[in-house]
Amino acid sequence: MTEHPTVAIVGSGPIGSAYARTILETLPTAHVVMFEAGPQLTQRPGASVRNIADPDEKARAREMSQGPQAGSFRESLGIPESAVVEGMFTARQGTHLLDFGGEGSAHAPTFPAVAAATNVGGQGAHWTCAIPRPAFSEKIPFIDDDEWEDLISTAEALLHHQAAAFADSPIGGAIRSLLSDEFGAELPEGHGVGTLPVAGDPQPDGSMLWAGADMVLGPLIEEGTDESTRFELRDLTLVRRIEHEDGRVRGVTVEDLRTKETSFVAADLVVVAADAFRSPQLLWSSGIRPEALGRYLTEHHVVISTVSLDGDRMGALITDEQLSAELAHRAVHAADPVAAVNRIPFSEPGHPFSLQVMYAENPPFPLDPESTEAGNRWGYVNMGYGVRKHPRAEDGVRFSEDELDYRGFPNMTIEYALTEREETEIAEATRRLERAGAALGTFIATPRLLPNGSSLHYMGTMRMGDTDDGTSVADPYSRVWGTENLVVGGNALIPTANTMNPTLTSVALAVRGARKAAEALGAES
Ligand code: FAD
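Quick caveat, the model's predicted, so the values are computed rather than measured.

Rules of the game
- Residues numbered from 1 in each chain as written.
- Predicted model: local features only at pLDDT ≥ 70, side-chain atom pairs only at ≥ 80, totals over all residues.
- Heavy atoms only, no water.
- UniProt positions renumbered as here; feature names shortened; annotations may be inferred.
- Helix = DSSP H or I, 4+ residues; strand = E, 2+ residues; numbered from the N terminus.
- Axes fitted to C-alpha atoms, helices over the stretch in contact; angles between N-to-C directions.
- Parallel < 35°, antiparallel > 145°, perpendicular 65-115°, else oblique.
- Left-handed = near helix turned anticlockwise from the far one by under 90°.
- Contact = heavy atoms within 4.5 Å.
- Nonpolar A, V, L, I, M, F, W, Y, C, P; charged D, E, K, R; others polar.
- Pairing = 2+ DSSP bridges.
- Core = buried A, V, L, I, M, F, W, Y, C linked by side-chain atoms within 4.5 Å.
- Buried < 20%, exposed > 50% of the residue type's maximum accessible area, 1.4 Å probe, protein only.
- Phe/Tyr/Trp six-rings, centres within 6.5 Å; stacked < 30°, edge-to-face > 60°.
- Lys NZ or Arg CZ within 6 Å of the ring centre and 35° of its normal.

1. Notes on the UniProt feature "domain: Glucose-methanol-choline oxidoreductase C-terminal" (unreviewed entry) in the chain
1) Next: UniProt tags residues 401–510 as "domain: Glucose-methanol-choline oxidoreductase C-terminal" (unreviewed entry).
2) Next: Spanning residues 401–510, this segment combines 26% helix with 20% strand, and its end C-alpha atoms are found 31 Å apart.

And the structure:
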């Protein structure tokens, strides 16, 4: 090892960025080179696409993130034109389906909505920025509470956490009040109806600058800082292989997707944060195959509905002037219409679900103009119940020995099934959603379960554990069992059954892994 240890990071999403920032700030001699298969979308690397005001620019940035589904940009992103897209499900804008139906598509008939983003900032350039803390059995059992508190608050600071965003929205307050009347008595103290914590910076005009990987990178992408001189980000550079021998990683082989040239980059530490499917795929393809790799896949299932708010009940809680003032404010910030986001968090034993309730002036689909709910001036809410998936080795991704995907990696087949445990909780969540809807107004879309994979929060495929017993891929500091200097990051590390948005937890785990890795690199060099 040299005096200046080099760290190679695969993937530029919030997790790779948290590793880069923590290592460079902790170890002043370290250098980080970050490889990202997708293109840089914004001048500030990794910024949230939601902050782009111009609709055409925003649409372009989203299309460029869509890998094999990037349409006219596909070839310029190094994706063969032959990757034809005929998926029966449509991916969320900015993401691409893994099972897109063309040549080299993954096979995921039981997890059809599974999607990824391929761009600087990863999915973190497109995310909704909800950052609730995990609670009760969602937490990692082998990290003690004091350390966890420090890790999760550090993660919140990295993500520019806002605890009470939208708390002063009168509409949001009225919705909370109606939900509290319905559910409050059943919920434990401190886990009642509240606002959803989000990641971003409130602006003086009342709008939000949403957080992306850019905010996590912070000083690494500010001109003139010491950290920026030790940080390099290479976009459109695909890591093809992790090179290793005798349990020690030597570096990575990368392909420049612009020139198609392949080269070796030596590294003292490799961090793989390339999402919950492509990270295990890269490890497997590089011959690193712990038994649990790709297994124990979980997400949280989502039961959704849309409700037209009841004018009488809302009108009893807020005045006409308050409604008009809030609508006038929202009209000015039409580019990003999220105003009031409320939730009921996970708690045990009473509420092993998370409910998110988003206000909108208009329903997400056209209503029959004759309908009594059309044009409701009190607005609508889109609500989703997150239901956990209990981890099982049977659920997961397998990699083919002889079939390649559109990128030339061993192709993926995802196997996944809901069991009676999940079906029972989904049925209970549906009943609670019916109660929530009745408390708020009239359903214009009754509760329905979204197809598997819709959450975009995929966990467990590189789960961490406290012993190397074949049921985990990484140790409690995210180091792959049996290797010395290979660290993995992302939602895939989360070993528990979860109902909530996982990025905050994954950033906290990244901070822990990065501190440990920096300590080891410092000691060795
Ligand atoms: P990613 O952000 O997925 O980044 C991984 C990167 O690795 C990608 O850019 C990919 O191109 C790159 N990569 C893959 N393979 C290679 C390779 N071989 N070489 C080089 N690069 C490679 N989470 C929440 O907690 N709250 C939310 O409200 C929320 N809302 C969401 C809404 C949407 C629309 C989406 C798409 C996601 C949402 N998420 C949310 C999920 C959140 O964005 C992810 O949890 C987070 O981005 C994961 O970070 P990551 O760094 O692990 O992976």
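There is more to say after this.
2. Notes on the packing of helix α4 (residues 170–183) against helix α10 (residues 420–440)
1) Next: The N-to-C vectors of α4 and α10 enclose an angle of 125 degrees; their axes lie 9 Å apart at closest approach. By the angle between their axes, α4 is oblique relative to α10. Where α4 crosses over α10, the handedness of that crossing is right-handed. In this structure, α4 uses I175, L178, L179, E182 and F183 to contact α10, whose residues at the interface are R432, R435, A436, A439 and L440.
2) Next: Class assignment of the residues belonging to the contact of α4 with α10 gives a composition of seven nonpolar, no polar and three charged.

3. Points about the sheet that holds strand β8 (residues 208–210)
1) Next: Here three strands make up an open sheet; going across it, the order is β5-β7-β8 and the pairing antiparallel. Each edge of the sheet is formed by a strand with only one pairing partner; in this case those strands are β5 (161–162) and β8.
2) Next: With three bridges joining them, strand β7 (residues 198–202) and β8 adopt antiparallel strand pairing. Bridge pairing links P202 to M208 in β8.

4. Here we look at the nonpolar core
1) Next: The biggest cluster of nonpolar side chains holds 119 residues, and the ones touching the most others in it are Y19, F111, V270, V272, F277, L283 and L486.
2) Next: For this core, the element with the most residues is helix α11 (residues 503–524), which contributes ten residues.
3) Next: Residues in contact with V272, not counting those within four places in the same chain, are V10, I242, S279, L282, L283, M462, L486, V487, V488 and G489.
4) Next: Core analysis: the next-biggest nonpolar cluster, separate from the first, contains 30 residues, L309, I318, Y359 and M383 among them.

5. Details of the packing of aromatic side chains
Each aromatic ring pair is summarised here by two numbers: the centre-to-centre distance and the angle between the ring planes.
1) Next: Taken as a whole and judged by the stated rule, the model has seven aromatic pairs.
2) Next: Measuring from centroid to centroid gives 5.7 Å for F353 and Y385, while their planes differ by 90 degrees, and the two rings are edge-to-face. Taken together, the positions of F353 in the loop between β15 (341–344) and β16 (354–360) and Y385 in strand β17 (residues 380–388) put the pair 32 residues apart, joining distant regions of the chain. Assigned by exposure class, F353 and Y385 land together as buried.
3) Next: Aromatic ring contacts, followed pair by pair, group F111, F277, Y416 and Y458 into a single cluster.
4) Next: It is R463 that lies over the ring of Y296; its NZ or CZ is 4.1 Å from the centre.
5) Next: A cation sits over an aromatic face here: K516 above Y477, 4.5 Å from the ring centre.

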